[in-house]
Amino acid sequence: MDDHTSAPEAPRDSSLDPAKPKDFIRDIIEADLRSSKHQQVVTRFPPEPNGYPHIGHAKAVSVNFGIAQEYPGRCHLRFDDTNPVKEETEYVEAIERDIKWLGYDWGEHLYFASDYFEQLYQLAEGLIEKGLAYVDDLTAEEIREYRGTLKEPGKNSPHRGRSPEESLDLFRRMRAGEFPEGSRVLRAKIDMASPNINMRDPVLYRILHTHHHRTSDDWNIYPMYDYTHPLSDAIEGITHSLCSLEFEDHRPLYDWVVEHAAVPHRPRQIEFARLNLTYTVTSKRTLRQLVEQGKVNGWDDPRMPTLSGMRRRGYHPEGIRNFLGAIGLAKANSEVEYGYLEHFQREVWNREAPRVMAVLDPLKVTITNYPEGQTEEVEAINNPEDESAGTRMMPFSRVVYIEREDFMEDPPKKFFRLAPGREIRLKHAYFIRCDEVVKDAEGNVVELLCSYDPESRGGSTPDGRKVKGTSHWVSAEHAIDAEVRLYGHLFTVPRPGATTGSAIDDVDPESLTLLNGVKVEAGLADASVGAVFQFLRQGYFAVDPESGPGKLVFNRTVTLKDTWAKVATKEGMQ
RNA sequence: AGGGGCGUCGCCAAGUGGUAAGGCAUCGGGUUUUGGUCCCGACAUCCGCAGGUUCGAGUCCUGCCGCCCCUGCCA
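Residues numbered from 1 in each chain as written. Chains lettered and ligands numbered in written order. Predicted model: local features only at pLDDT ≥ 70, side-chain atom pairs only at ≥ 80, totals over all residues. Heavy atoms only, no water.

An unreviewed UniProt entry lists chain A under the name Glutamine--tRNA ligase, from Eiseniibacteriota bacterium. Per UniProt, chain A carries the Sequence similarities (unreviewed entry) text "Belongs to the class-I aminoacyl-tRNA synthetase family." (UniProt positions renumbered as here; feature names shortened; annotations may be inferred.)

Trainee: Describe the domain arrangement of chain A, naming the residues involved and giving the relevant values.
Mentor: For chain A, the assigned domains are domain 1 (40-272), domain 2 (284-354 + 482-570) and domain 3 (358-472). A straight line from the C-alpha centre of domain 1 to that of domain 2 covers 36 Å. Opposite the 22 residues of domain 1 that make contact, domain 2 presents 21 residues. Note on domain 1 versus domain 2: buried area summed over both sides is about 2,100 Å², and carbon and sulfur give 66% of it. The three residues of domain 1 that bury the most area against domain 2 are Tyr 52, Ile 55 and Trp 101, which together make up 33% of that side's buried surface. Linking domain 1 with domain 2 are two salt bridges. Residue Asp 98 is joined to Arg 311 by a salt bridge in which the shortest nitrogen-to-oxygen separation is 2.9 Å. Scanning the region where domain 1 abuts domain 2 turns up eight residue pairs in polar contact (both at pLDDT 80 or more). Sorting the residues of the side of domain 1 that touches domain 2 by element identifies helix H2 (55-70), helix H3 (89-102) and strand E9 (268-272) as the ones contributing at least two each. Per-element tally for the side of domain 1 that touches domain 2: the top contributor is H2, with six residues. The residue makeup of the side of domain 1 that touches domain 2, split by class, is 11 nonpolar, five polar and six charged. (Domains from an automatic or database assignment. Contact = heavy atoms within 4.5 Å. Buried area = accessible area lost by both parts, 1.4 Å probe. Salt bridge = Lys/Arg side-chain N within 4 Å of Asp/Glu carboxyl O. Polar contact = N/O pair within 3.5 Å; in protein donor to acceptor, adjacent residues only side chain to side chain. Helix = DSSP H or I, 4+ residues; strand = E, 2+ residues; numbered from the N terminus. Nonpolar A, V, L, I, M, F, W, Y, C, P; charged D, E, K, R; others polar.)

Trainee: So, helix H9 (residues 284-292): which residues are in play, and what are the values?
Mentor: Taken residue by residue, H9 has Thr 286, Leu 287, Leu 290 and Val 291 as its buried positions. Each buried residue of H9 lies within a common arc of 140° when the element is viewed along its axis, so the set occupies one face. For H9, the exposed residues lying more than 90 degrees away from the buried face are Arg 285 and Glu 292. Remark: Gly 294 follows H9 within two positions and exhibits a positive phi of approximately 70°. (Buried < 20%, exposed > 50% of the residue type's maximum accessible area, 1.4 Å probe, protein only. Arc of directions from axis to C-beta.)

Trainee: Which residues make up the environment of Leu 552, and what values do they have?
Mentor: Tracing the backbone through its elements, the reader meets Leu 552 in the loop between strand E24 (539-543) and strand E25 (553-559). The sequence separation of Leu 552 and Ala 482 amounts to 70 residues, and the corresponding C-alpha distance is 4.9 Å. Setting aside anything within four residues of it in sequence, one finds Leu 552 in contact with Ile 480, Asp 481, Ala 482, Glu 483, Val 520, Leu 524, Ala 525 and Ser 547.

This is how it looks when you write it as structure tokens:
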């Protein structure tokens, strides 16, 4: 069975299609290539290893790796590990695994900002020597006060005029660990009156006596993002440093650092809008709260927008890539409908997923004119979209289960399924007619007594008569039990937290529905974890890792489109 | 006393002065042993608003309006 948890082949270059409109970033890159400003494009994906990657990261991944693949150049995976208090090795492993799963490859180009700590330090000394950086003794609170506000300029620190010699000495002693955390920082000397707050002598280094996941206890000072990032880009020869909109204000600082530190290469930062999805949240903080407060069952809960959650839910990386390609790349803040993501999942699974019969809410059907004790096998098509998928044999016998919602005692006009006196087809098997309805003491329908037409074997009759409905079914004697988990949106509102102020308050406590008495084809018994099937007329379902010998658990990946549900809702029937 | 961005169909999004692509959704219809898939058709006289330039403006100019981001020794 298909196990898509292994790394797929490299994504296809649909974007090389000249008919497909390009985005503003690709326009810039093509111009740079045409003018020979660059011979080859070099991008980078720079995650901080402090959380699990989610669909928002996937956009950044597909932008950076996708562009590098198209032009073609290369994309570096660089962990931005400059803050040891928040970062862990567990996350770097998760990030590497998820990028591979998405179908991208950094080859040899795996880097850590911490690899450059020594180099970065030397460049900082250079800045101090040139009088472009100084050690400041102000407290964090004082620095904040001196910074001014959005509308008022800041004022110079009393230590700003310190000589390069004195700053250098202090900086070296900071490195040596002579000072406590928070007592001093290294700052760039730029302009405390700049209208851009990022340029008001930003902090370059802070003292942190913290163990680092890679450099251990080698360092007592750690460089800030605004200093580390541009220099790492420059060191690696990144040509286009693509990041999200909130860094637009940092670009002057990015350029300042690259210009004044002693590095030869000048990368260009370009910003684009990050992905927002309705009914979901992509803030690491909120995601962490969901996990820690037990609102979900871990980072890979199928309701989570994490890539590990989506993988467990049965999402196909190709569908995610196609989605990301379809939403485009622009600078306008936007919010994409969740259903658009689902569309691309249906699109790939419709093509790929084997069809199988599973009855989610079983209703017993006894075929009264079918010989007791007899079993026969009918041939079923595995995938009408893929002839090479072939067929399989399904056991048929006197007692079968059909979906409870496929029967109505008193059907409305547009209901095409089974009802007293009506005939439907059991897919790939026979026509059956409902003769009698059996109820319990409370009046609930517990069983249907039907008769079948022996002439209709395979699903059609010699007389050519039609039925309006076709149901999936499973032989009672041969079916096996499974647990099925149905998922709805994790949140009750399209914009979690928008009105309540806290996304956690908008969590839908009923986003998970557990189904226990599900009856599935016996052939599913040895389905491998991660495999995805189409449960006929129901949707796509993925085998959950919690499955084991004698225990089958499925996660609903996405439903099929359901025109009937739409009609029924409109008619006020359901 | 601010600075940086963004506003084209319900949701994304092309468009780079020559008379509004495409996808999703929606609405009709056809095919169908999945009310799935597939196929056909409809869906912005209009581009945040108001002026102006031009033979011609979503694209240029001016002025408004609205939304997002920035005052971590986080990234």
